[in-house]
Amino acid sequence: MWQGRADDYAEFAGARAGHLYRSACLLTAGDTHLAEDLVQETLGRLYVRWGRVSRAENPAAYAQTVLTRAFLAHQRRRSSGERATDVFPDLPGAGDGDAPLRLTLLAALARLPAKDRAVIVLRYWEDRSVEQTADVLNVSSAAVRTRCSRALGRLRELLGEDLAEYARP
């Protein structure tokens with residue numbers, strides 16, 4: 001019986017790891033190393049609880065919730081010895097034509113507070129409803145709407161005219 005669960009978990013992890021990684025990259029504003037760590041932590045937590053997770057209505061949404069909470073926990077416990085940087089490592093797929101736009105957006109996301117980043121990623125990358133986002137973040141729906149509005153306003157302020165040069169006609 002355990003082998004069957006392990007096989008189910010391996011199949012799930014293989015199918016979701018890429019999506020979790022992309023979400024983690026957005027949450028971390030392009031820090032691919034931290035994104036990998038968060039995905040590993042998420043998959044480890046899921047493995048431990050796989051018997052319960054596999055019976056959940058939507059294991060993929062559960063995984064995304066675990067990832068977001070792992071990111072927020074990391075932001076809270078970040079040691080004082082760590083220093084943020086504006087220099088991004090080489091990103092996968094950097095050879096395509098959207099690299100300048102991607103870097104501009106990641107730089108703008110990096111300047112948002114962690115909870116604002118989480119709201120933006122959940123609402124617009126994950127396409128979750130206000131209520132689903134509130135549930136993941138353990139806040140009220142009103143708090144999500146307020147934080148989302150402020151975060152989008154801050155992104156518009158940060159991007160300003162920079163975004164216009166990347167817009168395609």
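Everything numeric in this text was worked out from a predicted model, so none of it was measured.

Visitor: What exactly am I supposed to notice about the nonpolar core here?
Guide: Soluble, globular proteins show a tendency: their nonpolar side chains are buried together. The biggest cluster of nonpolar side chains holds 43 residues, and the ones touching the most others in it are Leu43, Leu46, Leu109 and Leu137. Of all the elements in the fold, those that place two or more residues in this core are helix 1 (2–27), helix 2 (32–48), helix 3 (50–53), helix 4 (59–77), helix 5 (99–110), helix 6 (114–125), helix 7 (130–137) and helix 8 (141–159). What Leu43 contacts, discounting residues up to four positions off in sequence, is Tyr9, Ala13, Ala17 and Leu20.

Visitor: Would you mind going over the packing of aromatic side chains with me for this structure?
Guide: How two aromatic rings sit relative to each other is given by the distance of their centres and the angle of their planes. Throughout the structure, instances matching the rule amount to 3 aromatic pairs. Between Tyr9 and Tyr47 the ring centres are 5.0 Å apart and the planes differ by 70°, which places this aromatic pair in the edge-to-face class. A residue pair is termed long-range when its members are at least 10 positions apart, and Tyr9 in helix 1 and Tyr47 in helix 2 qualify at 38 residues. When the centroid spacing of 5.1 Å and the interplanar angle of 40° are considered together, the rings of Phe12 and Trp50 count as tilted. Of this pair, Phe12 sits in helix 1 while Trp50 sits in helix 3; the two residues are 38 residues apart in sequence, bridging distant segments of the chain. Among the aromatic residues, ring-to-ring pairing joins Tyr9, Phe12, Tyr47 and Trp50 into one connected group. For the cation-ring pair, Arg123 lies above Tyr124, with the distance from its terminal atom to the ring centre recorded as 5.6 Å.

Visitor: Would you mind showing me how to read the pattern of salt bridges here?
Guide: Two side chains with opposite charge may pair up if their charged atoms get near one another. Throughout the structure, instances matching the rule amount to 3 salt bridges. In this structure, Glu41 and Arg45 form a salt bridge, with 2.4 Å as the shortest nitrogen-oxygen distance. Of the two residues, Glu41 and Arg45 are both situated in helix 2; the distance of 4 residues between them amounts to about one turn of the helix. When the shortest N-O distance is used, the salt bridge between Glu157 and Arg154 registers 2.7 Å. You can see Glu157 and its partner Arg154 sitting in helix 8, 3 residues apart, about one turn around the helix. The class for Arg154 is partly exposed, based on a relative accessible area of 31%.

Visitor: Would you explain the side chain of Glu126 in this entry?
Guide: Position of Glu126 among the secondary structure elements: in the loop between helix 6 and helix 7. In this structure, Glu126 is buried with no salt-bridge partner, the nearest side chain bearing the opposite charge being Arg128 at 4.5 Å. Of note is the side chain of Glu126, whose polar atom sits 2.9 Å from the side chain of His19. Those residues within four positions of Glu126 in sequence are excluded, and the remaining contacts are His19, Ser23, Gln64 and Val121.

Visitor: Just to check I follow, could you spell out the packing of helix 5 against helix 8 for this structure?
Guide: Between two packed helices, the angle of one axis relative to the other and the distance separating the axes together describe the packing. Interaxial distance between helix 5 and helix 8 falls to 10 Å at its minimum, and their mutual angle equals 125°. As summarised for this structure, helix 5 and helix 8 are arranged oblique, according to the angle between their axes. The way helix 5 lies across helix 8 gives a crossing that is right-handed. Listed contacts from helix 8 to Thr104, Leu105, Ala108 and Leu109 of helix 5 are Leu155, Leu158 and Leu159. The residue makeup of the contact of helix 5 with helix 8, split by class, is 6 nonpolar, 1 polar and no charged.

About the cut-offs
- Residues numbered from 1 in each chain as written.
- Predicted model: local features only at pLDDT ≥ 70, side-chain atom pairs only at ≥ 80, totals over all residues.
- Heavy atoms only, no water.
- Core = buried A, V, L, I, M, F, W, Y, C linked by side-chain atoms within 4.5 Å.
- Buried < 20%, exposed > 50% of the residue type's maximum accessible area, 1.4 Å probe, protein only.
- Helix = DSSP H or I, 4+ residues; strand = E, 2+ residues; numbered from the N terminus.
- Contact = heavy atoms within 4.5 Å.
- Phe/Tyr/Trp six-rings, centres within 6.5 Å; stacked < 30°, edge-to-face > 60°.
- Lys NZ or Arg CZ within 6 Å of the ring centre and 35° of its normal.
- Salt bridge = Lys/Arg side-chain N within 4 Å of Asp/Glu carboxyl O.
- Lys, Arg positive; Asp, Glu negative; His and termini not counted.
- Polar contact = N/O pair within 3.5 Å; in protein donor to acceptor, adjacent residues only side chain to side chain.
- Axes fitted to C-alpha atoms, helices over the stretch in contact; angles between N-to-C directions.
- Parallel < 35°, antiparallel > 145°, perpendicular 65-115°, else oblique.
- Left-handed = near helix turned anticlockwise from the far one by under 90°.
- Nonpolar A, V, L, I, M, F, W, Y, C, P; charged D, E, K, R; others polar.

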